[in-house]
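Reading the structure
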Amino acid sequence: MKRKKIIQILLTILVLALIIAGSNVYYQFNQPHRNVQASKADYSYNSSQIVNEYLANPTAANEKYLDEEGNSKILEISGIVAEIFEDFNKQKVILLKSALDKAGVSCTFTPETDATVNQIKTGETITVKGVIRSGASYDKDLGVYENVIMEKCSVVSK
Amino acid sequence: MRNSIVKIVSVVVFLIATTSSFAQKLVSQKTSISFFSHTPIEDIKSSNFKSVSTLDPSTGDIVFSVPMQSFEFEKELMQKHFNSSDFLDTKKEPKSKLVGKITNLSQVNFKKDGTYNAEVSGELTIKGTTKTINEKVTIIVKGATITLKSKFNIVLADYGIAFKKGKPSTNIAKTIETTVEAEF
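Each chain carries its own residue numbering, running from 1 in the direction its sequence is written. In the order they appear in the text, chains get letters beginning with A and ligands get numbers beginning with 1. Owing to the predicted nature of the model, reporting of local features is limited to residues with pLDDT of at least 70; listing and counting of side-chain atom pairs is limited to 80 or more, with chain, interface and lining totals taken over all residues. Hydrogens and water molecules were not included; the side-chain quantities draw on all heavy atoms of the structure.

**A look at the sheet that holds strand E1 (residues 26–28) of chain B**
Residue and element names in this part refer to chain B.
- One requirement defines pairing of two strands: DSSP has to find at least two bridges between them. Helical segments are the DSSP runs of H or I of at least four residues, strand segments are the runs of E of at least two, and each set is numbered from the N terminus. Pairing within the open sheet is antiparallel, and its ten strands lie in the order E1-E4-E5-E6-E7-E8-E9-E10-E2-E3. In the strand order of this sheet, the two ends are held by E1 and strand E3 (43–48), each with one partner. Strand after strand, the sheet turns through a mean of 20° between neighbouring axes, direction not considered.
- Where strand E5 (residues 61–67) lies against strand E6 (residues 95–102), seven bridges are found, and the strand directions are antiparallel. Angles here are taken between N-to-C directions and fall from 0 to 180 degrees, while the axes themselves are lines fitted to C-alpha atoms, restricted in helices to the stretch in contact.

Below, the structure written as structure tokens:
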């Protein structure tokens, strides 16, 4: 009788352990993407600050802002709207750039936030939140300055 | 007299400005790079629309700079694996680059509408490793718009990209089909 009970308890523990392990694997495999819009920004700058920080020391800036698994820092960047266009994926892109800077911050929106761009005009000063993908740099082969790239963007104030 | 000198100078300046601007490099931010990995276990695809490319019609120089963290995957776990130090190590190597040249430039007329088959040879750098590649590129000229299209294979081992163990090592193909498009 006692023995039967012990076996019963052991079996229950085993089944529970399997369920937990299985659901953990399932969660790992199906874990959702980070919601950039719902997350708090890690840093707030104007476009000149982040551009110049990258131009001064790209290695240190990559270390500071990029994440090893691709979930890099979320930035809030304010700046002057220099350009508005659509990329090859039909996503709206706003370039925040001061006329005095060599590069700006290119902000790509999402299907959910695209519509907000329609109210933005060039020359306005706005603040955009997004995840940083890569920094500003001069590329000698391209022969041009590359902008800081942010994606999953939304307008937080204008 | 003075007036005519000013006129001549301005005409010369205008001519230089217009002719040199024609020979100038074109810059595109309308780009698409996607890849496709097929194994019996699963198909994985990913796209990136954030590359910057330049094309110099007078020399045939083509450059692509690709921000690696802009590759998006359906599953978060795949995206994490892709970026990790075990695979593309995008924190240390945030950009890939192609520096190429059209080798049969005489067969491409950028001023005339049409579809041209170009040969591009160049250096492709992924994860800090540079290899020479020779690929076919279709160039479509239509009015003022030039479109480049190419599809080629990348052997991951050439660039020292491999998962040593675990599920990703069996679920990712050794050769990746890569599709590139840019509009100038």
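**Considerations on the packing of aromatic side chains**
All names here are of chain A.
- Only Phe, Tyr and Trp rings take part, Trp by its six-membered ring, and two of them pair if their centres are within 6.5 Å. Stacked means planes under 30 degrees apart, edge-to-face means over 60, and tilted covers everything else. Evaluation of the coordinates by the stated rule reveals ten aromatic pairs over all chains.
- Ring centres 5.9 Å apart and planes at 10° place the aromatic pair Tyr43 and Tyr45 in the stacked group.
- Each residue's exposure class comes from its accessible area (1.4 Å probe, protein chains only) as a fraction of the maximum for that residue type: buried when under 20%, exposed when over 50%, partly exposed otherwise. In this structure Tyr43 comes out as partly exposed when scored by relative accessible area, which is 26%.
- Note on Tyr45: relative accessible area 16%, which makes it buried.
- Grouped by ring-pair contacts, the aromatic residues Tyr43, Tyr45, Tyr54 and Tyr65 constitute a single cluster.

**Quick look at the interface of chain B and chain A**
- Tallying the contact residues gives 37 residues for chain B and 39 residues for chain A.
- Buried surface at the junction of chain B and chain A, summed over both partners, amounts to about 3400 Å²; 51% is from carbon and sulfur atoms.
- Salt bridges are defined as contacts in which a side-chain nitrogen from Lys or Arg sits within 4 Å of a carboxyl oxygen from Asp or Glu. One can count seven salt bridges joining chain B with chain A.
- Here Asp141 of chain A makes a salt bridge to Lys97 of chain B, at a shortest N to O gap of 2.7 Å.
- Pairs of N or O atoms are called polar contacts if they sit within 3.5 Å, as long as, within protein, a hydrogen donor faces a hydrogen acceptor (for residues adjacent in sequence, only side-chain-to-side-chain pairs). Here chain B and chain A share 23 residue pairs in polar contact (both at pLDDT 80 or more) between them.
- Only strand E2 (30–38), strand E4 (52–56), E5, helix H2 (76–83), E6 and strand E10 (175–183) of chain B provide two or more residues apiece to the side of chain B that touches chain A.
- Per-element tally for the side of chain B that touches chain A: the top contributor is H2 of chain B, with five residues.
- Here the nonpolar group is Ala, Val, Leu, Ile, Met, Phe, Trp, Tyr, Cys and Pro; Asp, Glu, Lys and Arg are the charged ones; every other residue, Gly included, is treated as polar. When its residues are assigned to classes, the side of chain B that touches chain A shows ten nonpolar, 13 polar and 14 charged. When checking whether two residues touch, look at their non-hydrogen atoms; a contact exists if any pair is within 4.5 Å. When two parts are put together, the accessible area they lose, computed with a 1.4 Å probe and summed over both, is reported as buried area.

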